[in-house]
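Commentary on secondary and tertiary structure
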Amino acid sequence: ANTKNTLIILEQQQNNLKNNLITGLDIHDRKIAQIEDTLRSLHNTQKEVQNNYTITKSNYERIELLYKEGIESQRSFEVAHNEYVKLSTLLDTTTINIERETKALEKQKKEKVRFLKTQENAIKNMQGKIIASQNRLKTLDKELTNASINISRNANAQVYATKDGYPVRVLKNDKEHYVKV
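Residues numbered from 1 in each chain as written. Predicted model: local features only at pLDDT ≥ 70, side-chain atom pairs only at ≥ 80, totals over all residues. Heavy atoms only, no water.

Let us look at the environment of S148. One can find S148 in helix α2 (residues 74-155). Classification of S148 by relative accessible area gives partly exposed; the value is 39%. Engagement of the side chain of S148 in a polar contact is seen with the backbone oxygen of T145, the distance being 2.8 Å. (Helix = DSSP H or I, 4+ residues; strand = E, 2+ residues; numbered from the N terminus. Buried < 20%, exposed > 50% of the residue type's maximum accessible area, 1.4 Å probe, protein only. Polar contact = N/O pair within 3.5 Å; in protein donor to acceptor, adjacent residues only side chain to side chain.)

Next up, the structure:
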């Protein structure tokens with residue numbers, strides 16, 4: 001009964017591990033999809049900022065030339081310069097964010113693989129324990145069968161006293177086999 005209960009518990013634990021594997025993989029897949037969406041958004045932002053940066057840079061260079069020639073005011077030059085610096089910084093920040101999210105994506109994929117291997121090993125370990133319990137149950141069944149055969153033989157045996165005074169039991173169907181009592 002104890003081995004049967006152990007076997008039932010091990011099978012339940014194996015099912016729990018399989019459910020944890022499915023749930024964990026789903027969570028990792030969602031996190032990976034979220035990071036990929038963020039990366040796509042950052043790449044689109046980078047393209048937009050790059051285009052604005054190119055336009056702002058050419059405007060800044062044009063206003064700088066006009067300012068040096070005295071055609072544009074210093075205020076226009078400073079506004080153009082500030083806009084150019086702002087977009088340059090935004091472009092750098094976007095590039096850094098893309099690199100950070102790319103590393104996060106790689107890390108998340110590695111974590112998913114590690115989680116998968118860990119769960120698969122736990123499931124295989126549990127399968128080994130289940131097989132061991134099943135084998136133990138079969139062994140106990142065989143021992144029970146052998147014990148019941150021995151009990152039935154002993155119940156039907158006759159007791160004799162031999163010449164040396166030791167009582168012996170003659171097992172049914174085993175007339176040549178004596179067992180000391």
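Moving on: helix α1 (residues 2-68). An ideal rise of 1.5 Å per residue puts 99 Å on 67 residues; α1 measures up with 94 Å between its terminal C-alpha atoms. Within two residues after α1, G70 carries a phi angle of roughly 85 degrees, on the positive side. (Expected span 1.5 Å × (residues − 1).)

This next bit is on the nonpolar core. Among the nonpolar cores identified, the biggest contains ten residues, and these are L7, L10, L17, L21, L25, F115, I123, M126, I130 and L137. When residues of this core are traced back to their parent elements, those giving at least two are α1 and α2. Ignoring sequence-local partners within four residues, the contact set of L7 consists of I130, S133, Q134 and L137. Counting nine residues, the second largest nonpolar core, distinct from the first, contains Y60, I63, Y84 and L91. (Core = buried A, V, L, I, M, F, W, Y, C linked by side-chain atoms within 4.5 Å. Contact = heavy atoms within 4.5 Å.)

Tallying each qualifying case throughout the model produces six salt bridges. Across the salt bridge formed by E64 and K68, the nearest N and O atoms sit 3.8 Å from each other. Of this pair, E64 and K68 both sit in helix α1, four residues apart, which is roughly one turn of the helix. The partly exposed category is assigned to E64, whose relative accessible area is 23%. Of the residues examined, K68 reaches a relative accessible area of 63% and is grouped as exposed. (Salt bridge = Lys/Arg side-chain N within 4 Å of Asp/Glu carboxyl O.)

On to the packing of aromatic side chains, then. Within the structure shown, the criterion is met by four aromatic pairs. Here Y60 and F77 contribute two aromatic rings whose centre-to-centre distance is 5.7 Å and whose plane-to-plane angle is 25 degrees, an arrangement assigned as stacked. Linking Y60 in helix α1 with F77 in helix α2, this pair joins segments that are 17 residues apart in sequence. Of the two residues, Y60 and F77, neither departs from the other in class, the shared state being buried. (Phe/Tyr/Trp six-rings, centres within 6.5 Å; stacked < 30°, edge-to-face > 60°.)

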